[in-house]
Amino acid sequence: MSTNLTAPVDQSPHHHKPRTPRAKLSYPKVLLIISGSLILLSLLRIVTGATNLTGSGQYTAALNAAVPIGLAGLGGLWAERSGVINIGLEGMMMLGAFSAGAVGWQHGPWAAAAAGVVGGALGGLLHALATVTFGVDHIISGVAINIMALGLTQFLAKLWFGADGSAAAAAGGNDKQSPPMPDMPTFTIPGLSDWLYSIEQHHWFLVSDVAGIAGSLVTNVSWLTVVTAVVFVLTFFVLWRSAFGLRLRSCGEGPIAAESLGVNVYRYKYAAVVVSGALAGLGGAFLAIYVHIYQDGQTGGRGYIGLATMIFGNWRPGGVAMGAGLFGFMDALQLRGGGPTVHALLLLLAVLLVGLALWKFRGGQRTQAVISLVAAALLALWYATTDTVPLEIVGVAPYIATLLVLSLAAQRLRPPKAIGKIYRRGQGK
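It should be emphasised that the depicted structure is a prediction, and the values quoted were computed from it without experimental measurement. (Residues numbered from 1 in each chain as written. Predicted model: local features only at pLDDT ≥ 70, side-chain atom pairs only at ≥ 80, totals over all residues. Heavy atoms only, no water.)

Chemist: Looking at this model, I keep getting lost on the nonpolar core. Mind explaining?
Modeler: Nonpolar side chains in soluble globular proteins tend to be buried together. Core analysis: the biggest nonpolar cluster contains 48 residues, and Leu224 and Ile289 have the highest contact counts within it. Elements represented by at least two residues in this core include exactly helix 2 (56–81), helix 3 (89–107), helix 4 (109–133), helix 9 (223–240), helix 10 (243–253), helix 12 (265–291) and helix 13 (302–312). A total of 13 residues in this core trace back to one element, the largest contributor, which is helix 12. Not counting chain neighbours up to four residues away, the residues in contact with Ile289 comprise Pro109, Ala112, Ala113, Met181, Met184 and Leu224. Listed in part, the 33 residues of the second largest apolar core include Phe327, Phe329, Ala350 and Leu353. (Core = buried A, V, L, I, M, F, W, Y, C linked by side-chain atoms within 4.5 Å. Buried < 20%, exposed > 50% of the residue type's maximum accessible area, 1.4 Å probe, protein only. Helix = DSSP H or I, 4+ residues; strand = E, 2+ residues; numbered from the N terminus. Contact = heavy atoms within 4.5 Å.)

Chemist: What exactly am I supposed to notice about unusual backbone geometry here?
Modeler: Excluding glycine, residues mostly carry a negative phi; peptide bonds, for their part, are mostly trans. Residues other than glycine seldom take positive phi values, yet Asn220 does so here, at roughly 50°. Topologically, Asn220 is positioned in the loop between helix 8 (207–215) and strand 2 (221–222). Here the phi dihedral of His292 falls at roughly 75°; this positive angle occurs in a residue that is not glycine. With respect to the secondary-structure elements, His292 resides in the loop between helix 12 and helix 13. Accessibility expressed as a relative area gives 27% for His292, which makes it partly exposed.

Chemist: Please clarify how the packing of helix 7 (residues 192–200) against helix 8 should be interpreted in this entry.
Modeler: Two packed helices can be described by the angle between their axes and the distance between those axes. Packing of helix 7 against helix 8 brings their axes to within 8 Å, and their N-to-C directions diverge by 145°. As helix 7 runs across helix 8, the sense of the crossing is left-handed. Between helix 7, through Leu196, Ile199 and Glu200, and helix 8, the contact on the second element is made entirely by Val207, Ser208, Ala211, Gly212, Ala214 and Gly215. The class makeup of the residues in the contact of helix 7 with helix 8 is five nonpolar, three polar and one charged. (Axes fitted to C-alpha atoms, helices over the stretch in contact; angles between N-to-C directions. Left-handed = near helix turned anticlockwise from the far one by under 90°. Nonpolar A, V, L, I, M, F, W, Y, C, P; charged D, E, K, R; others polar.)

Chemist: Could you clarify how one ought to interpret the packing of aromatic side chains in this entry?
Modeler: The geometry of an aromatic ring pair is captured by two quantities: the separation of the ring centres and the angle between the planes. The full count for this structure, using the stated rule, is twelve aromatic pairs. When the centroid spacing of 5.4 Å and the interplanar angle of 85° are considered together, the rings of Phe98 and Tyr294 count as edge-to-face. Pair noted here: Phe98 is in helix 3 and Tyr294 is in the loop between helix 12 and helix 13, with a separation of 196 residues, a long-range link. Exposure class is identical for Phe98 and Tyr294. Each is buried. Aromatic side chains Phe286 and Tyr290 sit 6.0 Å apart centroid to centroid with 10° between the ring planes, which places their arrangement in the stacked category. Of this pair, Phe286 and Tyr290 both sit in helix 12, four residues apart, roughly one helical turn. Judged by relative accessible area, which is 3%, Phe286 ranks as buried. Members of the aromatic cluster, each reached through a chain of ring pairs, are Phe98, Trp160, Phe161 and Tyr294. Against the face of Tyr266 rests Arg425, its NZ or CZ located 4.1 Å from the ring centre. (Phe/Tyr/Trp six-rings, centres within 6.5 Å; stacked < 30°, edge-to-face > 60°. Lys NZ or Arg CZ within 6 Å of the ring centre and 35° of its normal.)

Fair warning: the whole summary comes from geometry, so function is off the table for now.
Structure below.
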């Protein structure tokens, strides 16, 4: 008795339709995009007079705002590349920020950073235990960790920082915040920093804009920012250039196939989720170290923005870094009274929507093109009839940017195939 193992072939014309290969974003294309963006920002600065668009002060603040968001996004990347959805990034950032505040006021900022890593890793370990070992739904586990972290940090803050007669209370702590900790060291490249600042002040087309952005990278840069850049580079090499990373990513693409090749899927998932929590915890610690204290509600939803950054970045470190920079820029606007800057960005967004409409018309998507044109017209009208943007809108600008970017990026996303699926050892047998 013979068995025909050949699957039936679909003879429909759609089956034989060749798939159009997706264009890859090569380094020359990336450089071209960066160059075009700089020219566009420089033109916008000249037209609107909004010097903060490329000012070194704005980008210094944006860099500091981007670090915790980027670390949270990178943490989400580690977990989801192994197949585990990590909605609990916000809670792990809370644990990291609280741990940093609890340790930093006594032992300094570097000890605070280490404590933040440990606090976040413990949150990741709990998430791994629930999802990998006990098979709890990943979303439910993440939401539970966020709720638990909020309650736990508030309870411990009252117990440790606000207790009457305690050393923490005597040092300036209370129910809502830790005592202050020392400054984290920063570095400035002397000579180069002053030279770039002098060029920036001339407001030359493009040259001063590049000088302003470059100046933020060599002036008063926190050493934790340097650590974050190194972590991004290491993540790329570990996950995409090592056998460990190949096995870890195989757990997110096909855990049954990985197990058949001898990969201990549970071990790799545990490692990935614990690293995910540690990175999110470091992001929370950065927030506490940056303002010298832990404060209740300090994370402010940055864990969720980090998750959006990871999705926008298509589960790649470079994309996460770009997304973190974008959201960090928007987040920094509210710290610098960015009403005029956001007002200038309305004009930029209107121009980009017109370009998007033309692209949609060319592709035959007329409904989306018309919607884009209407939105562009409304934004242009808003820009023309006002001089600034209310601070309330500036405050929600990071979240509006999150929604816009995710809606535009949704067409090209490619998540790991087994993401969010409950896996049991030996289920492929």
